[in-house]
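Structural overview
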Amino acid sequence: MTTGSDDERRRPPQPTLAEALGIRDQGPTDRRRLWGRRRREEADQVEPMAMDHTAPPVPPGDLPVTGPIDIYPPAHGLEETTSIASAVRPYAWTRGRTKSGFDLAIETLVSTSPMGRSQFGLLQMEHRSVAELCAEPRSVAEVAALLSLPLGVARVLLGDMAGLGVVIVHQTASSAGSAPDLALMERVLSGLRRL
Amino acid sequence: MDSVGSRPEAIANTATISAKIVVAGGFGVGKTTFVGSVSEIVPLTTEAVMTEASAPHDDLTATPNKTTTTVAMDFGRVSLDSDLVLYLFGTPGQHRFWFMWDDLVRGAIGAVVLVDSRRLADCFAAIDFFEDRGLPYIVGLNAFDGLLQHHIPDVREAMSIDPSTPIVPCDARDRESTKQTLITLVQHAMQHRMAAGAR
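The notes below deal with the structure included here. Remember, predicted model here, so these are calculated numbers, not experimental data. (Residues numbered from 1 in each chain as written. Chains lettered and ligands numbered in written order. Predicted model: local features only at pLDDT ≥ 70, side-chain atom pairs only at ≥ 80, totals over all residues. Heavy atoms only, no water.)

Focus on the overall build of chain B
Scanning chain B for helices and strands turns up 6 helices and 7 strands. For chain B, the residues scored as buried account for 52% of the 199 residues in total. Relative to all contacts within chain B whose residues are 6 or more apart in sequence, the contacts with residues 24 or more apart total 72%. By element, 54% of the accessible surface of chain B is carried by carbon and sulfur atoms, the whole surface being about 8,900 Å². (Helix = DSSP H or I, 4+ residues; strand = E, 2+ residues; numbered from the N terminus. Buried < 20%, exposed > 50% of the residue type's maximum accessible area, 1.4 Å probe, protein only. Contact = heavy atoms within 4.5 Å. Areas by Shrake-Rupley, 256 points an atom, 1.4 Å probe, with all protein chains shown as cover.)

Focus on the environment of Met-159 of chain B
Residues and elements named next belong to chain B. When you line up the elements, Met-159 lands in helix α5 (residues 152-159). Owing to a relative accessible area of 7%, Met-159 belongs among the buried residues under this scheme. Separated by 38 residues in sequence, Met-159 and Ala-121 have C-alpha atoms that sit 8.3 Å apart. Those residues in contact with Met-159 that sit more than four places away from it in its chain are Val-115, Leu-120, Cys-123, Phe-124 and Ile-127.

Here's the deal with the packing of aromatic side chains
Following the criterion strictly, the structure yields 5 aromatic pairs over all chains and no others. Ring geometry for Phe-129 of chain B and Phe-130 of chain B: centres 5.9 Å apart, planes at 65°, overall edge-to-face. Phe-130 of chain B shares its class with Phe-129 of chain B; the two are buried. Aromatic ring contacts, followed pair by pair, group Phe-75, Tyr-87 and Phe-89 of chain B into a single cluster. Above the face of the Phe-120 of chain A ring, Arg-128 of chain A is positioned so that its terminal group lies 5.9 Å from the ring centre. (Phe/Tyr/Trp six-rings, centres within 6.5 Å; stacked < 30°, edge-to-face > 60°. Lys NZ or Arg CZ within 6 Å of the ring centre and 35° of its normal.)

Concerning the side chain of Lys-20 of chain B
Here Lys-20 of chain B lies in strand β1 (residues 17-25). Relative accessible area serves as the criterion here: at 0%, Lys-20 of chain B is assigned to the buried category. Among the polar contacts made by the side chain of Lys-20 of chain B, one reaches the side chain of Glu-107 of chain A at a distance of 3.0 Å. Once residues within four sequence positions are removed from consideration, Lys-20 of chain B is found in contact with Ile-106 and Glu-107 of chain A together with Leu-86, Tyr-87, Phe-89, Asp-103, Leu-104, Arg-106, Gly-107, Ala-108, Ile-109 and Gly-110 of chain B. (Polar contact = N/O pair within 3.5 Å; in protein donor to acceptor, adjacent residues only side chain to side chain.)

Looking at the environment of Ala-121 of chain B
The topology assignment puts Ala-121 of chain B in the loop between β5 (110-115) and α4 (124-133). Each C-alpha atom of the pair Ala-121 of chain B and Gly-26 of chain B lies 8.4 Å from the other, and the pair is 95 residues apart in sequence.

What to know about the pairing of strand β6 (residues 137-142) of chain B
All names here are of chain B. Among the 6 residues in β6, 6 count as buried, and that is most of the element. Note: β5 against β6, 5 bridges, orientation parallel. Residue pairing for β6: Val-112 is matched across the bridge by Ile-138. Taking the sense of rotation as the criterion, the β-α-β connection linking β5, α4 and β6 turns out right-handed. Sheet topology places β6 next to strand β7 (residues 167-170); 4 bridges connect them, and they run parallel. Paired with Leu-141 across the bridge in β7 is Pro-169. (Pairing = 2+ DSSP bridges. Right-handed = clockwise from strand over helix to strand, strands pointing away.)

A closer look at the environment of Leu-109 of chain A
Of note, Leu-109 of chain A is situated in strand β1 (residues 109-112). Along the primary structure Leu-109 of chain A and Glu-136 of chain A are separated by 27 residues, whereas in three dimensions their C-alpha atoms are 9.4 Å apart. In this structure Leu-109 of chain A touches Pro-137, Arg-138, Ser-139, Ile-168, Val-169 and His-170 of chain A together with Thr-16, Ile-17, Ser-18, Arg-77, Val-85 and Tyr-87 of chain B, once residues within four positions along its chain are discounted.

Things to note about the nonpolar core
Val-143 of chain A together with Phe-130 of chain B are the most contacted members of the largest nonpolar core, which has 58 residues in total. At 7 residues, the largest contribution of residues to this core is made by helix α7 (residues 151-164) of chain A. If sequence neighbours within four positions are ignored, Phe-130 of chain B has contacts with Val-22, Ala-24, Val-105, Ala-111, Val-113, Leu-135 and Tyr-137 of chain B. Counting residues in each nonpolar core, the second largest holds 32 residues, with Val-188 and Leu-189 of chain A together with Val-38 and Met-190 of chain B among its members. (Core = buried A, V, L, I, M, F, W, Y, C linked by side-chain atoms within 4.5 Å.)

Points about the sheet that holds strand β3 (residues 167-169) of chain A
All names here are of chain A. The sheet built from 3 strands is open, its strands ordered β2-β1-β3 with antiparallel pairing. With one partner strand each, in any of the chains shown, β2 (138-139) and β3 form the two edges of the open sheet. Strand direction decides the pairing type here: β1 and β3, joined by 3 bridges, are antiparallel. Across the sheet, the residue bridging to Thr-112 is Val-167, located in β3.

Honestly, it's all geometry; don't read function into it.
And the structure:
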């Protein structure tokens, strides 16, 4: 998997989260390039947010501190506009990262933690949208679909939020091993029969 | 605690387990219809960006500067119990998107390969892939207009499918038929699992 080659990605047909949140996009091209450059510089950096054992080993040292993603673009070169719309283009949210520290399968359920609920007002904008959506457990795929985000972006975002303790990551059928166990399949079977 | 946090079910839900089943087949064979017939939500679509990872499989010679493509997959959700949710994922229609299938099949219970018997070749790639990954699958012969165009033994022979792999007729529009197809798959996956455990 490589990072940061989304510059030519076509605009999704459905409204993006930025649009849903009422942020106007007033001139994306230049600033998108700005982010593109920044993204390449940061392409190899991984945030050390995941204390999970599945997290890939990250070298200690000059890594960025874990925390809310800065949604504002760099100040230079943006004098002509005050809009921050391009800053919330999907991969800008993730600072160009395309991998999450958490091993999130597409069907993995996430739900807002009690901490996420109590600190809702303190969350950054995009985390708020996710926290609102995940008041009930939702899969990574649902979060991506309902917020019109590419799957990879939703994964990184949810990985960050899990690292911050804002969302709880639930177990999947295959969490324990590579394939679901018989007891779980039995439960799925009886569940299907009851439908 | 705010009003959201005081809802007891939000706490109780924290141990919800999710499982998934993959629905594959050629373009237009009825994957989304199949998913939609049992899903409690209108099937959603999610997009993933294809990167250079797919380059060996994707012919980019005509568009050498193109480095990304967006692919979409449909999925549905079925709550089987208060703490158990089943997701049905339709594979992207184009068989070349292997990289995404890996993600799709990892941890899946199994796969339903939907087949239109008039276009058997459309599903060969899917079957090869599942056999290669050792993912249990069954074949659902979608009966368009309620009619099976070919007999099941003929289809089995034409596709050289192992005799232990079920081939069942199904109608993707019919909830009961879809349900039965999924039941057959889970039963097959359990047998597959027990056989693997016995070896």
